[in-house]
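One-letter residues, chain by chain:
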Amino acid sequence: MAEIELKGVTKRWGSFVGVHQFDLEIADREFLVLLGPSGCGKTTTMRMIAGLEDPTSGDIVIDGKRVNDLDPKDRDVAMVFQSYGLYPNMNVWENIRFPLKVRKVPEGEHADRVARAAEMVELTPFLDRKPAALSGGQRQRVALARAIVRTPKVFLMDEPLSNLDAKLRVSTRAQIKNLSHELQVTTIYVTHDQVEAMTLADRVVVMKAGVVQQVGTPTDIYDNPANIFVAGFIGSPAMNLMEGRITDGTFQAAGVEIPGFTGVDGAVVCGFRAEDAAVAPDGTGEVKAPVYSMELLGDSTMVTVRAGGALVAVKAAKDFRTKIGAPFAAHVPRDICHLFDTATGERLA
Ligand code: ATP
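These figures come from a predicted structure and were not determined experimentally. (Residues numbered from 1 in each chain as written. Predicted model: local features only at pLDDT ≥ 70, side-chain atom pairs only at ≥ 80, totals over all residues.)

**Let's talk about the domain arrangement of the chain**
Structurally, the chain comprises domain 1 (4–232) and domain 2 (240–341). For domain 1 versus domain 2, the distance between C-alpha centres works out to 39 Å. Taken together, the five residues of domain 1 in the interface contact five residues of domain 2. For the side of domain 1 that touches domain 2, the class distribution of residues is three nonpolar, two polar and no charged. (Domains from an automatic or database assignment. Contact = placed C-beta atoms within 7 Å. Nonpolar A, V, L, I, M, F, W, Y, C, P; charged D, E, K, R; others polar.)

Structure (structure tokens):
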């Protein structure tokens, strides 16, 4: 059991606010991802939960108990860092065993538990090696094994995949997802990679400049971004965002005319996702502009045009072909559009 509660957690250094008034309840066994660009306060939040950093104000509660004044070792959390944090003079077996020693788990249990953890992350053949003789992916798995060798209340993972190459990142990501399913331990996972967040999380917390922007399931956040920042951060490509005006129910911007908006008038930002739009072969779409670029993605072709003051992507069929500068039209009906307030960036509809 481990429920975690953050109550108005704030971290300041002088006048600089690293994390501002963070409120959140994390359920037992939940896989929560903190997502945001570099410097938004993800690591600081995690370090405060681990006890490696003191909050300036606010409370951190684990299983109903305020832990602000507890040492890291008394919080029963296991951390995995992007830098692995392995001991270079110990071999893999000793590295994985280390937390058992520190926690004074009876010696007799060590061999079994290390063997089990190593097997879960497929490290059994490497137990005799020192970290220097391992690849980045193998080192990362040693760090994972060291975290799972005892069952802590909480796993904290700080960008554990960021030092791995693209292919290894995908396979290790799947392994983490599988492990978390098997171990059923509350996990907080920090990343700036929205694909990692979407694939791993039960819920995602999107942060910007120390402030929580939105909390929701990956689907919530993808389908109903709370503001322009979230819309522009989630998805690959991110949501298209066009600046324009609604007059008499029609959104207008350079190369764009979308009717059907009622109850909103004036300057707005209109967003839509590349995959929700459709190529209009007869040239009669709501978005019309010359092709800026065409990218072949294998399963589809991404066509980009300049519209509403921005580059706007439309996902076309895999065999769709056009040329830079050729006329292009796409169906972008009202019902696939998201509206945001130009001034505040908040979602309108
Ligand atoms: P990254 O993805 O780059 O690791 P992050 O979202 O994890 O970024 P944090 O490491 O939490 O960001 O840092 C949040 C902000 O607080 C940053 O602007 C950082 O420069 C600042 N910060 C972190 N530690 C300190 C410190 N000890 N003193 C002053 N400012 C700090």
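**So, the site of the ligand**
With respect to spatial proximity, the complete set of residues near the ligand consists of Trp 13, Phe 16, Gly 18, Gly 36, Ser 38, Gly 39, Cys 40, Gly 41, Lys 42, Thr 43, Thr 44 and His 192. Listed by contribution, the elements that provide at least two residues to the shell around the ligand are strand 2 (16–26) and helix 1 (42–50). Here the shell around the ligand gets three residues from one element, more than from any other, and that element is helix 1. Partitioning the shell around the ligand into residue classes produces three nonpolar, eight polar and one charged. (Near = placed C-beta within 6 Å. Helix = DSSP H or I, 4+ residues; strand = E, 2+ residues; numbered from the N terminus.)

**Structural notes on the sheet that holds strand 7 (residues 154–158)**
One open sheet accounts for six strands, arranged 6-7-8-3-9-10; its pairing is mixed. Among the strands making up the open sheet, the edge pair consists of strand 6 (77–80) and strand 10 (211–216). Strand-to-strand twist in this sheet, taken as the mean axis angle between neighbours without regard to direction, amounts to 15°. Pairing of strand 9 (residues 203–208) with strand 10, which is carried by five bridges, proceeds in the antiparallel orientation. When the sheet's bridge partners are listed, Met 207 is paired in strand 10 with Val 212. (Pairing = 2+ DSSP bridges. Axes fitted to C-alpha atoms, helices over the stretch in contact; angles between N-to-C directions.)

**Details of the UniProt feature "domain: ABC transporter" (unreviewed entry) in the chain**
Under the UniProt annotation, the feature "domain: ABC transporter" (unreviewed entry) is placed at residues 4–234. Secondary structure content for residues 4–234 is 36% helix and 26% strand, while the C-alpha to C-alpha distance between its ends is 26 Å. (UniProt positions renumbered as here; feature names shortened; annotations may be inferred.)

**Regarding the pairing of strand 20 (residues 338–341)**
Looking along a regular strand, one sees side chains alternate from face to face of the sheet. The two faces of strand 20 differ: His 338 and Phe 340 on one face are buried, but Leu 339 and Asp 341 on the other face are not. Across four bridges, strand 14 (residues 266–272) lies against strand 20 in antiparallel orientation. Within the sheet, the bridge partner assigned to Cys 270 lies in strand 20 and is Leu 339. (Buried ≥ 20, exposed ≤ 12 C-beta atoms within 10 Å, placed from the backbone.)

**Concerning the packing of helix 2 (residues 92–102) against helix 3 (residues 107–120)**
For the pair helix 2 and helix 3, the least separation of the axes is 10 Å and the interaxial angle reads 120°. By the angle between their axes, helix 2 is oblique relative to helix 3. Handedness of the helix 2/helix 3 crossing: right-handed. Contact residues: helix 2 offers Trp 93, Ile 96, Arg 97 and Leu 100, while helix 3 offers His 110, Arg 113, Val 114, Ala 117 and Ala 118. Its residues assigned to classes, the contact of helix 2 with helix 3 shows six nonpolar, one polar and two charged. (Parallel < 35°, antiparallel > 145°, perpendicular 65-115°, else oblique. Left-handed = near helix turned anticlockwise from the far one by under 90°.)

**So, the sheet that holds strand 2**
Spatially, four strands are ordered 2-1-4-5 in an open sheet, and the strand pairing comes out antiparallel. Sheet topology places strand 2 and strand 5 (65–66) at the edges, where each strand pairs with a single neighbour. Where strand 1 (residues 4–13) lies against strand 4 (residues 57–62), five bridges are found, and the strand directions are antiparallel. From the neighbouring strand, Thr 10 faces strand 4, where its bridge partner is Ser 57.

**Considering the environment of Leu 179**
Positionally, Leu 179 belongs in helix 5 (residues 166–183). Apart from residues lying up to four places away in sequence, Leu 179 is in contact with Met 120 and Ile 148.

**Digging into helix 4 (residues 136–148)**
Here helix 4 contains 13 residues, and its C-alpha end-to-end distance of 19 Å stays within 8% of the 18 Å for a straight helix at 1.5 Å per residue. Across the 13 residues that make up helix 4, a large majority, ten, are buried. When helix 4 is considered as a whole, its buried residues turn out to be Arg 139, Gln 140, Arg 141, Val 142, Ala 143, Leu 144, Ala 145, Arg 146, Ala 147 and Ile 148. Residues of helix 4 that are buried sit in contact with strand 6, helix 2, helix 3, strand 7 and helix 5. (Expected span 1.5 Å × (residues − 1).)

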